Amino acid sequence: MSTASPLLEDVLSLSLQLNRQAFANPPVEGWVTSFLTMLCERFAGHGVRGVQCIQVIGNVSLQVGAAGAVPAEASAQNIVDESSPLIPVIRERQMGTMPNARIYPVAVGNDGIGAMLAYIDESKANVALLDQALAVLAMQLGPAMLQHLKAPSPRTGRLIRQIDMMRSLYEVTRDFSSALDSPEMLKRAARSLVETLRIDHVGIVVFDYKERIGTVISEYPDNGILGTRISMVSPLQERLMEQRQPVVVNNVEKAVDLGPERQLWQTIGIKSIAILPMIVQGGLIGSVGLDAFYDVHDFTSEELEAASAVTAQLAISAHNAQLYDELRSRANQLERITELSRRVTSTFDRGRIFQIAKEETQKIIDSDLIVVALRNTESATLNMYLLVEGMPVVADFPTERAALRFVFNTAEPLVLDDISGSEDPDYRLLASSQMRAAAIVPLIAGGRTIGAYCVLHREAGHYVSIDLAVLEQIGNQLAIALENARLYTETSQRAETERLMNRLSGNLQSRGDLQSIRLGTVQEIAEALGARRARIRLELPNKPADMALRAEAATRAAGKPGDARQE
């Protein structure tokens, strides 16, 4: 994670630099070499030693720029045949390798026009992360390199129009590519596509493969479909997932095999739609829908190619924004845990510790109820403290019958989707408060499990394993605080006992007669215990029962502790 953030910043910075130079009017002289030089400098710390960009025209590869340590055998021009490692990269538009380099396709839409070769010290690189970054930059080189094809002809005329479209799209995507706030970034992306393609509406959908549902998470303009759920089990969605290519319906009313989506689209008012896949690291994470509401729209190949390029960038930006959100959330969690540690270690009052743990946990983890369960080893019972408003509600259970004994015995965290059907008394108590989902971590201090810390929610399946990582850190701090409080209480009690013993011993030594010693002793004990009455009973041993001499000294309190007398 620590490597991803600087790498992301470098990719964004290089993308902006490429746009400024390559798509200037006219393009900046030597922009390819300038761009590659900056790439080498930025990625030198990630193991990149050199890089070159190659354009393939017919069966000839032409080096259009190079920087860094590029091998001498990489000549300016080579004949490309079927044995060249460039061929599968350009045809399939997939990354390839050579003995001393990694190859990334340079393409525009479905047309491969060249490749970018990076010479990497793989012992110093996070290769998977670096591949993703360099592949993104290589794909952005495609439209820029087509600036050299300005000669008028039927072929280049289409390319010129495509370049103009791409320039416009890159300009409008520049802002959202640098945005790291997910809702704002998605909103900008949708608006950019609407304004550039002159389409009526754009909706962005993310997929939940577990539920087999897609959800509209952003749209422009606002048509009230935010949050709309779309089934992934339909002919069009299955085609999108299988082919990973745009799915186009130019006329919704006349199209066949639309499944349940026809009714949804007609209800919304869509007359034509193009669905483009959002793919990140080979995974389909969602789709972008280009919607026509007012008239039937025939989507051209140029529109689809341009929108596909922006959608690819959008998918990466969305993924990066998600990583940023995770980093920000993680930083916030660490900050809250640090605050928790500071607060719980500043007191030895167990009730106050419980209250602090509850307050800080609810700032990090969504929960409806928080419970601390502590083992009472003397009585083999489980003391469960339900941290509700005001004083905790306490319930006791035999440890061997409590479901939490599993956490005590294994010292392992646990996530439960639904405890409502449990027959164990502790879970039944929690379920009676409509609690269903639970995340539980052991409280471990001094190598022994002293209890468990639980967060609960009314929604079944609310917690996942990632919640345990945060809860374990909270549990560690709570266990330390509770153990410190216990040790402090024991030490305080021991010190008080020793103080009383010392005072009693001193008083005994200062009294000369037996009567004073007995009276002083019983007064000290009565005062220490807060008793209103105390009595000393003496019995002489080894005497016949009928002639036993009994001696009894008693003190009777006269309304205050320690005020005693001998009887």
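Note: the structure precedes this text.
Residue numbers run consecutively from 1 along every chain, following the written order of its sequence. Per-residue local features of the predicted model are confined to residues with pLDDT of at least 70, and side-chain atom pairs are confined, for both listing and counting, to 80 or more; whole-chain, interface and lining totals are unaffected and use all residues. Only hydrogens and water are set aside; all other atoms, that is, all heavy atoms of the structure, feed into the side-chain values.

Q: Outline the overall build of the chain, supporting the account with residue identities and numerical values.
A: Numbering of helices and strands runs from the N terminus, with a helix taken as a DSSP run of H or I at least four residues long and a strand as a DSSP run of E at least two residues long. When helices and strands are counted, the chain shows 14 helices and 20 strands. With a 1.4 Å probe rolled over the protein chains alone, any residue whose accessible area is under 20% of its type maximum counts as buried; one over 50% counts as exposed, and the rest are partly exposed. The buried share among the 567 residues of the chain stands at 44%. Note on definitions: a residue-residue contact is assigned when non-hydrogen atoms from the two residues lie within 4.5 Å. Residue pairs at least 24 apart in sequence account for 53% of intrachain contacts in the chain once pairs closer than 6 positions are excluded. Working definition of accessibility: Shrake-Rupley area with a 1.4 Å probe, residue cover restricted to the visible protein chains. In the form shown here, the chain has an accessible surface area of approximately 28,800 Å², with 51% of it arising from carbon and sulfur atoms.

Q: Report on the pattern of salt bridges, specifying residues and quantitative values.
A: By definition here, a salt bridge exists when the distance from a side-chain nitrogen of Lys or Arg to a carboxyl oxygen of Asp or Glu is within 4 Å. Within this structure, the stated rule accounts for 13 salt bridges. Among the ionic pairs, glutamate 122 bridges to arginine 102, the shortest N-O distance being 3.1 Å. Highlighted residues: glutamate 122 in the loop between strand E6 (111-120) and helix H4 (127-145) and arginine 102 in strand E5 (residues 101-108), separated in sequence by 20 residues. Taking relative accessible area as the criterion, glutamate 122 reaches 43% and is therefore assigned partly exposed. The shortest N-O distance in the salt bridge between glutamate 359 and arginine 343 comes to 2.9 Å. Of this pair, glutamate 359 sits in helix H10 (residues 350-364) while arginine 343 sits in helix H9 (residues 301-344); the two residues are 16 residues apart in sequence, bridging distant segments of the chain.

Q: Can you tell me about the side chain of arginine 102, naming the residues and giving the values?
A: When its relative accessible area of 12% is taken as the criterion, arginine 102 is described as buried. Once residues lying within four places of it in the same chain are set aside, the contact partners of arginine 102 are Met95, Gly96, Thr97, Met116, Leu117, Ala118, Ile120, Glu122, Val127 and Asp131.

Q: Give me the sheet that holds strand E14 (residues 381-386): which residues, what numbers.
A: The rule for pairing is simple: two strands pair if DSSP sees at least two bridges between them. Overall, antiparallel pairing links the six strands, which are arranged E15-E14-E13-E18-E17-E16 in an open sheet. Since the sheet does not close on itself, it has two edges, and those belong to strand E15 (393-398) and strand E16 (414-416), each with one partner. Ignoring which end each strand starts from, the neighbouring axes of this sheet average 20° apart. As judged from the six bridges shared by strand E13 (residues 369-376) and E14, these two strands associate in the antiparallel manner. Opposite arginine 375, over in E14, you have leucine 382 as the bridge partner. To obtain each axis, a line is fitted to C-alpha atoms, and for helices this fit is confined to the stretch in contact; angles are then taken between N-to-C directions over 0 to 180 degrees. Relative to the sheet, H10 contacts E13, E14 and strand E18 (448-457), its axis offset from that of E13 by approximately 140°.

Q: Residues and numbers for the sheet that holds strand E8 (residues 213-220), please.
A: Overall, antiparallel pairing links the six strands, which are arranged E9-E8-E7-E12-E11-E10 in an open sheet. A single partner strand is all that each edge strand has here, and the edge strands are strand E9 (229-231) and strand E10 (247-249). Across this sheet, the average inter-strand angle for adjacent strands is 25°, counted without regard to direction. Sheet topology note: the strand E11 (residues 272-280)/strand E12 (residues 283-292) ladder contains nine bridges and is antiparallel.

Q: Which residues make up the pairing of E5, and what values do they have?
A: Within E5, eight of the eight residues are buried, which leaves the element mostly enclosed by the surrounding structure. Going residue by residue along E5, you find Ala101, Ile103, Pro105 and Ala107 tucked away on one face and Arg102, Tyr104, Val106 and Val108 tucked away on the opposite face as well. Alignment of strand E4 (residues 96-98) against E5, held across three bridges, turns out to be antiparallel. Bridged to glycine 96 within E5 is isoleucine 103. Here E4 folds back onto E5 in antiparallel fashion, the turn holding two residues. Sheet topology places E5 next to E6; seven bridges connect them, and they run antiparallel. Note that in E6 the partner of tyrosine 104 across the bridge is methionine 116. Remark: two residues form the turn of the hairpin made by E5 and E6, two consecutive strands paired antiparallel; glycine 109 in that turn has positive phi of roughly 60°.

Q: Could you give an account of the nonpolar core, naming the residues involved and the relevant values?
A: By size, the foremost hydrophobic cluster in this structure holds 37 residues, and its most contacted members are Leu39, Phe43, Met116, Leu134 and Leu141. Take this core: its biggest share by element is nine residues, from H4. Here leucine 39 is in contact with Leu14, Val48, Val51, Met116, Leu134 and Leu137, once residues within four sequence places are set aside. Grouped together as the second largest cluster of nonpolar side chains are 32 residues, Ala439, Ala445, Leu471 and Ala481 included. The definition of a nonpolar core used throughout is a set of buried Ala, Val, Leu, Ile, Met, Phe, Trp, Tyr and Cys residues joined through side-chain atoms within 4.5 Å.

Q: Which residues make up the environment of glutamate 195, and what values go with them?
A: Inspection of the secondary structure assignment puts glutamate 195 in helix H6 (residues 182-197). Sequence separation of glutamate 195 and tyrosine 220 is 25 residues, and the distance between their C-alpha atoms is 9.9 Å.

Q: So what about H4? Which residues, and what values?
A: Every α-helix winds through 3.6 residues per turn, so residues three or four apart in the chain are directed the same way. Helix span is expected to be 1.5 Å times the residue number reduced by one. With 19 residues, H4 should cover 27 Å at 1.5 Å per step; its first-to-last C-alpha distance of 26 Å lies within 8% of that length. Across the 19 residues of H4, 14 count as buried, placing the element largely inside the fold.

Q: Please give an account of unusual backbone geometry that cites residues and values.
A: Following tyrosine 220, the chain continues into proline 221 via a peptide bond in cis, with omega recorded as -10°. With respect to the helices and strands, the residue proline 221 is situated in the loop between E8 and E9. The backbone phi angle of arginine 244 is positive, close to 55°, even though this residue is not glycine. Its location among the elements puts arginine 244 in the loop between helix H7 (235-243) and E10. Judged by its relative accessible area of 30%, arginine 244 falls in the partly exposed class.

Q: With reference to specific residues and values, describe the packing of helix H2 (residues 31-43) against H4.
A: At a minimum axis distance of 12 Å, the contact between H2 and H4 shows a crossing angle of 170°. The orientation of H2 relative to H4 falls into the category roughly antiparallel. Listed contacts from H4 to Trp31, Phe35, Leu39 and Phe43 of H2 are Leu130, Ala133, Leu134, Leu137, Leu141, Ala144 and Met145. Broken down by class, the residue content of the contact of H2 with H4 amounts to 11 nonpolar, no polar and no charged. Each angle is binned into one of four classes, with values under 35 degrees roughly parallel, values over 145 roughly antiparallel, values of 65 to 115 roughly perpendicular, and all other values oblique. Side-chain classes follow a simple rule in which Ala, Val, Leu, Ile, Met, Phe, Trp, Tyr, Cys and Pro form the nonpolar group, Asp, Glu, Lys and Arg form the charged group, and the remainder, Gly included, forms the polar group.

Q: Provide a residue-level description of the side chain of glutamine 132, including the pertinent values.
A: One can find glutamine 132 in helix H4. Excluding residues that lie within four positions of it along the chain, glutamine 132 makes contacts with Val280, Gln281 and His319.

Q: Tell me about the environment of arginine 533, and please be specific about residues and values.
A: Topologically, arginine 533 is positioned in the loop between helix H14 (514-529) and strand E19 (534-539). Judged by relative accessible area, which is 57%, arginine 533 ranks as exposed.

Q: With reference to specific residues and values, describe the pairing of E14.
A: The side chains of a regular strand alternate, residue by residue, between the two faces of the sheet. Of all six residues in E14, six are buried; the element is thus mostly enclosed. The two faces of E14 match: Thr381, Asn383 and Tyr385 on one face and Leu382, Met384 and Leu386 on the other face are all buried. Counting the residues between successive antiparallel strands, the hairpin from E13 to E14 contains four residues, one of them, alanine 380, with a positive phi of roughly 55°. Bridge count between E14 and E15: six bridges; the pairing is antiparallel. Counterpart to leucine 386 in the pairing with E15 is valine 393.

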